[in-house]
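Overview (structure and organization)
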Amino acid sequence: MEKVQPRTLSGFMELLPNEQILFNQMKETIQKTYERYGFLPLDTPIIESAEVLLAKAGGETEKQMYRFKKGDADLALRFDLTVPLAKYVAKNYGNLSFPFRRYQIGKVYRGERAQKGRYREFYQCDIDVIGDGELDLINDAEMPSIIYSLIKELGFDDFTIKINNRKILNGLFEGLNQKENSTEILRVIDKLEKIGKDAVVEELKKLDVKEEQIKAIMDFIEIEGTSNEKLEKLENLGINNETYQKGVEELKSVINNVRLFGVPEENFQVDLTIARGLDYYTGTVYETFLNNYRELGSVCSGGRYENLAEYYTDKKLPGVGISIGLTRLFYKLNELNIIKAEKKSISDILIIPITEDLKEPIKLATELRKIGINTEVYLNNKKLKAKFKYADKLEIPYVIVIGDDEIKAKKIKLKNMKSGEEKEVNMDAEEIVKYIQ
RNA sequence: GUGAGUAUAGCGUAGCUGGUUAACGCGCCAGUUUGUGGCACUGGAGACCCUGGGUUCGAAUCCCAGUACUCACCCCA
């Protein structure tokens, strides 16, 4: 029979068991951290009506969205988790308590060309706080504290959460009469670290920004110093634009409150070049960098938006949120050998029966599972040697052999696969647990 | 969407100045060791060399097309 080539589409991540175990651990760490801050779980469909998902879309988003017909229905795969959240909040407005704090961890889809660390299907891990009508600025200051806990929990100490406010840049552009160009200019500024100062100037020239305006922009983003020094310089720049001043005020307040939430000074800073690609942010924006691995780019980003669900409801729903691209993060950490997929099995014990009667082995396995020990029974009729080899290959730490002798004596030998030692123990789950680490 | 590269056992690769049994490592199976894995040795299975066409006495090897994948740009997580 002719076989179909077993293949996985470009841009779709598929892992081996040892990698998947590690991936799941990271996912669980993120979930636990989000829950510790009181965020509620949410799961929305991967497929939604194209009309819903494309309500506000345009340009790149629309081009990259997977869209298809099923019968007469015009459907699409979700592009991110924010749009489904907007729909959800608008739809369930009456049944939710505000401020609504939710987390969502799920796959999203983007039909673009895959490349290193860029996938067509990937996990996003989002949290957002949505206010009804308004949302106090202090929520913007809580986000960095959550990022701080999260990155710590993921095992990193040396990282910096960079904080900025879009109003500052937008106000600056307004003052320079570059409002129409602001999105393009922001994109260019965002590339500063990647392409360098001179290239940024070149790019700005291409956007027809005038010489003295370029100078003003460059002078601005090159403001140096500690967070407090930067804030002071921003205030003393003599820019009278209202949006700008509001931005500086907000940023100052957020920075002060981030301290209140206990984020150590070395883990956050004002960075005026953080602009984020997404243009729906309207205030505070965050990016997080691992200082020893700057090449990873931001590992956790987010920001404040004025009106989450304007395309679905007249209710004004401002929010602030952050997102981790787990698939990319995992891929890159793995590639750089920062994390290692070592566990090949999640079993603590493999029970190897060498008797026709499986009653006792299964009974023991059930008892062990009841007290929380991951237990697997080898259920194939192979030679004993092959059964041990299986435990060895999967690096299952303990093996129990149960044959007729053991059943008769009600004693088993618990073998530590790493040391090779065997210990005779009563055939009793509670007893056995005492000898495993 | 634009540009470049790659395609050979399950995996990673060699072979690519065309020459008849396509090689190596890992993995897999079996044995040395019939209630004990790792190590070692011995043996074995496994490949329409991406697909289609062309050049040639002869193609994994050269040419063309298609497809897939990878990388970069764009954009982004």
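This one's a predicted model, so the numbers in the text were calculated from it and none came from an experiment. Numbers given to residues run from 1 along each chain, matching the order in which its sequence is written. Numbering of ligands from 1 and lettering of chains from A proceed in the order in which they are written. Where totals are concerned, whole chains, interfaces and linings use all residues; where local detail is concerned, this predicted model gives features only for residues with pLDDT of at least 70, and gives and counts side-chain atom pairs only at 80 or more. Hydrogens and waters are ignored; side-chain quantities use all the structure's heavy atoms.

Observations regarding the protein's contact with RNA strand B
Here is the rule: Put simply, a residue is near a molecule or strand once any heavy atom of it comes within 4 Å of that molecule or strand. The definition of a polar contact used here is a pair of N or O atoms within 3.5 Å, where within protein one atom must be able to donate a hydrogen and the other to accept one, and adjacent residues in sequence count solely through side-chain atom pairs.
The immediate surroundings of RNA strand B are formed by 38 residues, with Ser 10, Arg 118, Tyr 119, Lys 383 and Lys 393 found nearest. Close to the protein, within 4 Å, the atoms of RNA strand B are drawn from sugar and phosphate at a rate of 49%. Contact between RNA strand B and Arg 110: a sugar or linking oxygen at 2.6 Å from a side-chain N or O atom of the residue. Between RNA strand B and the protein, one listed contact pairs a base oxygen with a side-chain N or O atom of Arg 328 at 2.6 Å.

Details of the environment of Phe 79
Where we set the bar: Under the DSSP-based scheme used, a helix requires at least four consecutive residues in state H or I and a strand at least two consecutive residues in state E, with every element numbered from the N terminus. A simple rule labels every residue: compare its accessible area, found with a 1.4 Å probe on the protein chains alone, to the largest value its type can have, and call it buried under 20%, exposed over 50%, or partly exposed in between. Residues are treated as being in contact if the distance between any of their heavy atoms lies within 4.5 Å.
For Phe 79, the location among the structural elements is in the loop between strand 4 (73-77) and helix 4 (82-91). With relative accessibility at 12%, the residue Phe 79 sits in the buried group. For the pair Phe 79 and Ala 57, spaced 22 residues apart in the sequence, the C-alpha separation amounts to 9.9 Å. Aside from chain neighbours lying at most four places away, what touches Phe 79 is Thr 61, Gln 64, Met 65, Val 108, Tyr 109 and Arg 110.

Comments concerning the packing of aromatic side chains
The criterion, for reference: Ring pairs shown here join Phe, Tyr and Trp side chains whose ring centres sit within 6.5 Å, with only the six-membered ring taken for Trp; geometry is labelled stacked below 30 degrees between planes, edge-to-face above 60, and tilted in between. Lysine NZ or arginine CZ positioned within 6 Å of the ring centre and within 35 degrees of the ring normal marks a charge as sitting over the ring.
A complete count under the given rule lists 11 aromatic pairs for this structure. Ring centres 5.2 Å apart and planes at 80 degrees place the aromatic pair Phe 23 and Phe 330 in the edge-to-face group. One end of the pair, Phe 23, is in helix 1 (residues 17-36); the other, Phe 330, is in helix 13 (residues 326-335), with 307 residues separating them in the sequence. Since its relative accessible area comes to 3%, Phe 23 is described here as buried. When the centroid spacing of 5.9 Å and the interplanar angle of 45 degrees are considered together, the rings of Tyr 148 and Phe 159 count as tilted. Here the residue Tyr 148 occupies a position in helix 5 (residues 138-153), and Phe 159 occupies one in strand 7 (residues 159-165), the gap between them amounting to 11 residues. An aromatic cluster is present here, built from Phe 23, Tyr 123 and Phe 330 joined pairwise through their rings. The positively charged end of Arg 101 is found above the aromatic ring belonging to Phe 39, 4.2 Å away from the centroid. Just above the ring of Phe 79 sits the side chain of Arg 110; from NZ or CZ to the centre is 4.0 Å.

Concerning the side chain of Thr 288
If you trace the backbone, Thr 288 turns up in strand 9 (residues 284-290). Contacts of Thr 288, omitting those with residues within four sequence positions, involve Ile 147, Ile 151, Phe 159, Thr 160, Ile 161, Gly 297, Ser 298, Val 299 and Cys 300.

Examining the packing of helix 1 against helix 13
In a packed pair of helices, the relevant descriptors are the angle between the two axes and the axis-to-axis distance. Note the following rule: Structural elements are reduced to axes, namely lines fitted to C-alpha atoms, with helices fitted over the stretch in contact, and the angle between N-to-C directions of any two is expressed from 0 to 180 degrees. Small angles under 35 degrees read as roughly parallel and large ones over 145 as roughly antiparallel, with 65 to 115 read as roughly perpendicular and the rest as oblique. Should the near helix be turned anticlockwise from the far one by less than a right angle, the crossing is left-handed, and should it be turned clockwise, the crossing is right-handed. For this classification, the nonpolar set comprises Ala, Val, Leu, Ile, Met, Phe, Trp, Tyr, Cys and Pro, the charged set comprises Asp, Glu, Lys and Arg, and every other residue, Gly included, is treated as polar.
Relative to each other, helix 1 and helix 13 sit at 130 degrees, their axes nearing to 11 Å. Relative to helix 13, the element helix 1 lies oblique. Judged by the sense of rotation from one axis to the other, the crossing of helix 1 with helix 13 is right-handed. Every residue of helix 13 that contacts helix 1 at Glu 19, Leu 22, Phe 23, Met 26, Lys 27 and Ile 30 is listed here: Leu 326, Thr 327, Leu 329, Phe 330, Leu 333 and Asn 334. By residue class, the composition of the contact of helix 1 with helix 13 is eight nonpolar, two polar and two charged.

A few points about the pattern of salt bridges
Quick reminder of the rule: Throughout this description, the term salt bridge denotes a Lys or Arg side-chain nitrogen within 4 Å of a carboxyl oxygen of Asp or Glu.
Across all of its chains, the model carries 23 salt bridges by this definition. One salt bridge connects Lys 63 with Glu 60, and the closest N-O pair in it is separated by 3.8 Å. With Lys 63 and Glu 60 both in helix 3 (residues 60-64) and three residues apart, this pair spans about one turn of that helix. For Lys 63, a relative accessible area of 63% corresponds to the exposed category. Between Asp 157 and Lys 152 there is a salt bridge, with the nearest N and O atoms lying 3.0 Å from each other. Under the relative-accessibility criterion, Asp 157 is labelled exposed at 54%. Taking the relative accessible area as the measure of exposure, Lys 152 reaches 33% and is therefore partly exposed. Three or more residues are tied together by salt bridges with common partners; here these are Lys 167, Lys 246 and Glu 250.

Quick notes on unusual backbone geometry
Omega for the bond connecting Phe 98 with Pro 99 falls within 30 degrees of zero, at -5 degrees, which places this linkage in the cis form. For Pro 99, the location among the structural elements is in the loop between helix 4 and strand 5 (100-109). Phi is positive for Asn 177, close to 55 degrees, though the residue is something other than glycine. Mapped onto the elements, Asn 177 comes out in the loop between helix 6 (166-175) and helix 7 (182-190). Taking the relative accessible area as the measure of exposure, Asn 177 reaches 66% and is therefore exposed. Its identity as a non-glycine residue notwithstanding, Glu 395 has a phi of 55 degrees, on the positive side. Checked against the element boundaries, Glu 395 lands in the loop between helix 15 (384-393) and strand 14 (398-403). Assessed through its relative accessible area of 45%, Glu 395 is described here as partly exposed.

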